[in-house]
Amino acid sequence: MTAVDERPATEVGSPRRRKEDLRLITGRTRWTDNIVLPGMLHLAMVRSPYAHARITNVDTAQAKAAPSVVTVITGADVAAEQGSLPNAWPITTDQKTPNHPSIAVDRVTFAGEVVAVVVARSAAEARDAAELVDVDYEELPAVLDLKEAATDQVLVHPELGTNRIAFWQFDSANAGSGSSVEDAIAEARENGILLEREYRQQRLIPAFMEPRSCVVDPTGEQTTVWSSTQIPHILRLMYAMCLGVPESKVRVIAPDVGGGFGGKLQVNPEEFITFLAARRVGKPCKYTETRSESLMASHHGRDQWQKVTLAATKDGTVTGLKVDLLTDLGSYVSLLGGGTPVLGAFMFNGIYKFGAYQFNLTPVLTNKTWTDAYRGAGRPEATFAIERIMDDLAAELGQDPLLVRERNWIRHEEFPFTTVAGLQYDSGNYEAATAKARELFGYDELRAEQRRRRESNDPVQLGIGVSTFTEMCGLAPSRILGQLNYGAGGWESATVRMLPTGKVEVVTGTSPHGQGHETAWSQIVADRLGVPFEDVEVLHGDTQISPKGLDTYGSRSLVVGGMALVKAADKVIEKARPIAAHLLEANVDDLEFSRGRFGVKGTDKGMAIGEVALAVFTAHHLPDGVESSLDSEATFNPVTFSFPHGTHLCAIEVDTETGATRIRSYVCVDDIGSVINPLIVEGQVHGGLVQGIAQALFEEAVYDESGTLVTGSFVDYLVPSAADVPSFVTARTETPSTTNELGVKGVGETGAIASTPAVVNAVLDALRPFGVSDITMPCTPHRVWRAIHGHDAATPTRPSSEQSVAEQGEGGQQA
């Protein structure tokens, strides 16, 4: 009797629970800080309290005499060997990039910069001894305000002669993707509508769950590094390039990593310092940061001033868009540096059919912690700007914001569509996503309720926020990255091994830190090879096991790494095909492969791919000239990005007497192409929504006038909890990507990109009758109250039921 195959028809699309979760929720994880090696020493960093100062003396005598201290290392001690931390993306050939030592030698440029490191037998003794290091400083003028820094009155690095490290421009007229934006602006000024707005993207902190940690063991033939990193392969390469160590002599392992959000997409000073210290003392060394150190010295995100000019005809058809962007890099140029806002340059036009576009970027140095990628990396900033000004356009016209968007977006029959920014969007259906979101949200009913509240002068006003977005995912196309002067490619690698028992090992160059790769990759390979999901083991995050890869960031893992898996699995099948034909005494052309089994057409003869794997292992009856291995490796290098999209709608109640806000409902309908695992998708969307809402309402990194971070703990840096956000209504439409065989588009950053403008637009929609057209994020109760009251305690003006939407958009207060 033939056994019945009770497996699901396909693994892809099934809501499998994550393989990783059992060990995560039962405490059997191995974080970097859990690693203990024989004779291991511990590091503590001595950090500058000043934002800008000259180091005149570092006295380490008392610290060296402290109990259990092995040594104290200063910048002067390692000046000749520490090199400079890398910037992999100089956005122009003439970019001015300051030297970035791991340990400051003679000058510090932000509060929190490392000036010395204590090596001791325990972490507690190292921290105690760090207090004994006596550093003399000569405080220098610091510049903290982004606009002030752009004037060059105070220089962060005097040797550069400026704080403006580069100027990068995209102009559709020069690129051949559109006409002159100045002509569009002139025409709108004369005969249409011209909006000029300035929006602020506040500075944020990634605030990942697991603080950064690094362990370095120099005692073997190789130096082995364990790090809480998103980029083990890139980190190994940077050790080799910056410290002069042969790449083959460095092994980097990313064990279980507790979140990153871009915050661990970095080559950190502490990773170099731990490496240098271990080599000096010849023993394993560990450094794990405190939460305060994490908030103060891990790279930050966002921090921009966006001047946006939109040209439109009198009926609201957009014609031109100009963006002048100042971005705060902090005191050094990080791994991606100015490249992060360059990514956003291609997304300011969003889903709309502009005829002309110009983007002008000026990255600026300040005496603050350096910035780099944070979930979305340039694309949330761009989406915020375009979705905010589209709402302002609707207010100017006195029209519904959804109607104005529909008039201007790319229609589904127009795909593939080349945008004014020069990218080709391959597929999408904005109409379907919006229609579904509108229905789930009860849009018309909420608008009716809003009118009733305004007419009754209800002290609690209702606002409705809209965000219709797209983003470019799958940070990968090597040729495009090369054209943008990025220092690496964007390919990804995978290996599929068929074991003699029929089990499968998958080796991936992606490096997960919460995304669920072990589960999703198992589903893809199980479907492709027709083996049970449980029989697939995924290996990752170790450059010895997975020597080739470009790691995880930019929603690239599935779009690029997943396709590498598909190609490797297909190679396994093709290598197995002639062997199966030989064993079945059939012609290769007569074989078909389905659900893990080779069958001879028109007969019941066949054999499972696991049986072929065993035959390959024994090699007793292989055809001549065939190697005895099915193992296959593949690299995938896409030719373009992928473009998920969606419509997010937010209803928010604003208490006009207190400024308090409450999200009443939130609906999002995302189109991420084909879905591998709906359960994982839901988790990614929910997490992203909370981070985007956090930017809109809660989070901001704040410095005092001396350059000290005053939001240096979770007491002051307000990360929302589950109690602070509503239950979300999430749904999907599906237009598969046409640029990859899986049809996938990416999902890791969609929630964080779309939700911020939806929430802020909702707050402002509630307050437009009060003459409020902008509030600087986060929209805290205090800022909302001040905006309503015109910056003072005067009695607020009640909304007039006669006031038109267009009138509400005029002369708004800014807070």
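Before any of the text, the structure's been laid out above.
Residues numbered from 1 in each chain as written. Predicted model: local features only at pLDDT ≥ 70, side-chain atom pairs only at ≥ 80, totals over all residues. Heavy atoms only, no water.

In this section: the packing of aromatic side chains. Counting across every chain of the model gives 17 aromatic pairs. Geometrically, the ring pair formed by Phe170 and Phe346 is edge-to-face, given 6.1 Å between the ring centres and 65° between the ring planes. One end of the pair, Phe170, is in strand E7 (residues 168–171); the other, Phe346, is in the loop between helix H10 (339–345) and strand E15 (356–365), with 176 residues separating them in the sequence. With 6.4 Å between their ring centres and 40° between their planes, Phe441 and Tyr443 make a pair best called tilted. Residue classification places Phe441 among the buried residues on the basis of a relative accessible area of 6%. Grouping aromatic residues by their ring pairs yields a cluster made of Trp168, Phe170, Phe346, Phe348, Tyr357 and Phe359. It is Lys147 that lies over the ring of Trp305; its NZ or CZ is 4.1 Å from the centre. Looking at Lys264, its charged tip hangs above the ring of Phe208, at a distance of 4.6 Å from the centre. (Phe/Tyr/Trp six-rings, centres within 6.5 Å; stacked < 30°, edge-to-face > 60°. Helix = DSSP H or I, 4+ residues; strand = E, 2+ residues; numbered from the N terminus. Buried < 20%, exposed > 50% of the residue type's maximum accessible area, 1.4 Å probe, protein only. Lys NZ or Arg CZ within 6 Å of the ring centre and 35° of its normal.)

One open sheet accounts for seven strands, arranged E3-E5-E1-E12-E9-E10-E11; its pairing is mixed. Across the chains shown, the open sheet's two edge strands, defined by having one partner strand only, are strand E3 (69–74) and strand E11 (250–253). Sheet twist, expressed as the average angle between the axes of neighbouring strands with direction ignored, equals 20°. Together, strand E1 (41–47), E3 and strand E5 (114–120) form the strand contacts of helix H3 (residues 123–130), whose direction differs from that of E1 by roughly 25°. Strands strand E9 (213–217), strand E10 (223–227) and E11 of the sheet are contacted by helix H7 (residues 232–243), whose axis makes an angle of about 150° with E11. (Pairing = 2+ DSSP bridges. Axes fitted to C-alpha atoms, helices over the stretch in contact; angles between N-to-C directions. Contact = heavy atoms within 4.5 Å.)

Let's shift gears to the pattern of salt bridges. Applying the stated criterion across every chain yields a total of 56 salt bridges. Note that Asp33 and Lys286 form a salt bridge whose closest N and O atoms lie 3.7 Å from each other. Note that Asp33 is positioned in the loop between helix H1 (21–25) and E1 and Lys286 in strand E12 (residues 285–288), a separation of 253 residues in sequence. Judged by relative accessible area, which is 39%, Asp33 ranks as partly exposed. Lys286 gets classed as buried once you look at its relative accessible area, which sits at 6%. A salt bridge links Glu414 to Lys353; its shortest N-O distance comes to 3.1 Å. In this pair, Glu414 sits in the loop between helix H12 (401–408) and strand E16 (417–418) while Lys353 sits in the loop between H10 and E15, placing the two residues 61 residues apart along the sequence. Note on Glu414: relative accessible area 28%, which makes it partly exposed. A relative accessible area of 30% means that Lys353 is categorised as partly exposed. (Salt bridge = Lys/Arg side-chain N within 4 Å of Asp/Glu carboxyl O.)

By themselves, these observations are geometric and do not establish any function.
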